[in-house]
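Residue-level listing of the chains:
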Amino acid sequence: MTWEALILLLNSPNARWVLAGSLLLGAGCGLLGTFALLRRRSLMGDVLAHAALPGVALGFWVTGAKSVAPLLVGSLVTGLLGAAVVDGITRHSRIKEETAQALVLSVSYGMGVVLLTVLARTGLGGQSGLNRFLIGQAASLVRSDVLVIGGAALAVTLGVLLFFKELKLLAFDPEFGAGLGLPMALMDRLLMGLVVAAVAVGLQAVGVVLVAALLITPAAAARFWTERLERMAILSAAFGGLAGVAGALISLSRPQLPTGPLVVLVATGLLLISMAFGSSRGLVVQRVRQAGIRRRGLAGGTPVRWEGEAS
């Protein structure tokens, strides 16, 4: 894209709204994804995204409107229901959590596709375009949609900031938090509720299939740059916002390309760069450090042996 084309695109009020919504969504998901990653709940984002799909179809079926608000409410309801089902199966049966997650993911996605197919065959007016929730299309957002999405993304961000210390304990040492008298089980449910909200607001922009990647990939990239949670959260939010804006910008300039895959590709590029050059855990940095340690050891007259080397 040339500078002239970029300036012309940014002169469009709708484009500015879309970019603002994508920025807020990406930053909010990146911030929240930090705790989901450290809590080892990466797969739950994918589960809840698929669980939200039937809610999109039901929200349209009940209201007959394709605006974001009713679809958001429907996806929130079924997403929370999916989280409750996973929790109930894990607590009250011998089925392990990852198995329960796989069951809810597959069943929810199947139900969602069936409902969307039924809607397409009923001939209801305005149902066309609901399949965009599968892969996302931020370019189709209008001002009212972006206001709802941006407001929800800000609410998720404020929720994380308000309970930052409790979520930090939940991620690293929930037993210690429980010993202090903090409701760690409630905090875990709060985290899942925030993930459901983030997934719901991200469906139209990124899509069911890939919204979980917007939660986890920026956090995974940030992990290569720092060992401190506060810095990781800020970096993850920055990476998420950058991926959201870049993906939406490309989608706006090339309307035939869906937003979701573009956002995920940008986020994946950031992850690959971080894996290579991250100042904390990057592969290149680690190799340089190991080479420096080896040289210093040899210069001191004591050979340095690495694990796995023969004596």
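From a predicted model like this one, the values you see are computed outputs, not experimental measurements.

Here's the deal with the overall build of the protein
In step 1: Within the protein one finds 14 helices and zero strands.
In step 2: Counting from the amino terminus, the protein carries its helices and strands in the arrangement α-α-α-α-α-α-α-α-α-α-α-α-α-α.
In step 3: Put simply, the protein has 311 residues, and 45% of those count as buried.
In step 4: When contacts within the protein are restricted to residue pairs at least 6 apart in sequence, those whose partners lie at least 24 apart make up 71%.
In step 5: Accessible surface, the protein: about 15,400 Å² in total, of which carbon and sulfur atoms supply 67%.

Focus: helix α11 (residues 211-223)
In step 1: Counting buried positions along α11 gives eleven out of 13 residues, so the element sits mostly inside the fold.
In step 2: Where the residues of α11 are buried, they touch α2 (13-38), α3 (42-63), α10 (184-206), α12 (229-253) and α13 (259-277).

Description of α3
In step 1: For α3, which comprises 22 residues, the first-to-last C-alpha distance of 32 Å matches the rise-based estimate of 32 Å (1.5 Å per residue) to within 8%.
In step 2: Two residues or fewer past α3, Gly64 is found with a positive phi of approximately 70°.

Comments concerning the confidence of the model for the protein
In step 1: With 87% of its residues at a pLDDT of 70 or more, the protein has an overall mean of 82.
In step 2: Looking over the protein, one finds the lowest element-wise mean pLDDT in helix α1 (residues 3-10), namely 64, and the highest in helix α8 (residues 164-172), namely 91.
In step 3: Note on residues 306-311: pLDDT under 50 across the span, and seven contacts to partners over four residues away in sequence or across chains.

Brief notes about the packing of aromatic side chains
In step 1: Taken as a whole and assessed by the stated rule, the structure comprises one aromatic pair.
In step 2: When the ring of Phe35 is compared with that of Phe164, the centres are 5.4 Å apart and the planes differ by 85°; the resulting orientation is edge-to-face. In this pair, Phe35 sits in helix α2 while Phe164 sits in helix α8, placing the two residues 129 residues apart along the sequence.
In step 3: Phe35 sits in the buried class, given a relative accessible area of 1%.

Examining the environment of Ala83
In step 1: Along the chain, the position of Ala83 falls in helix α4 (residues 68-92).
In step 2: The buried category is assigned to Ala83, whose relative accessible area is 15%.
In step 3: For the pair Ala83 and Val195, spaced 112 residues apart in sequence, the C-alpha separation works out to 9.9 Å.
In step 4: When neighbours within four sequence positions are excluded, Ala83 is seen to be in contact with Met44 and Leu48.

Side note on the packing of α11 against α13
In step 1: Viewed as axis vectors pointing N to C, α11 and α13 meet at an angle of 20°, and their least axial separation amounts to 8 Å. Classified by the angle between their axes, α11 and α13 sit roughly parallel to one another. Note that α11 runs across α13; the crossing there is left-handed. Between α11 and α13, the residues in contact are Ala213, Leu214, Thr217, Ala220 and Ala221 and Val263, Val264, Ala267, Thr268, Leu270, Leu271 and Ser274, respectively.

Structural notes on unusual backbone geometry
In step 1: One non-glycine residue with positive phi stands out, namely Arg40, at about 60°.
In step 2: On the accessibility criterion, Arg40 (73% relative accessible area) is exposed.

About the cut-offs
Residues numbered from 1 in each chain as written. Predicted model: local features only at pLDDT ≥ 70, side-chain atom pairs only at ≥ 80, totals over all residues. Heavy atoms only, no water. Helix = DSSP H or I, 4+ residues; strand = E, 2+ residues; numbered from the N terminus. Buried < 20%, exposed > 50% of the residue type's maximum accessible area, 1.4 Å probe, protein only. Contact = heavy atoms within 4.5 Å. Areas by Shrake-Rupley, 256 points an atom, 1.4 Å probe, with all protein chains shown as cover. Expected span 1.5 Å × (residues − 1). pLDDT = per-residue confidence, 0-100. Phe/Tyr/Trp six-rings, centres within 6.5 Å; stacked < 30°, edge-to-face > 60°. Axes fitted to C-alpha atoms, helices over the stretch in contact; angles between N-to-C directions. Parallel < 35°, antiparallel > 145°, perpendicular 65-115°, else oblique. Left-handed = near helix turned anticlockwise from the far one by under 90°.

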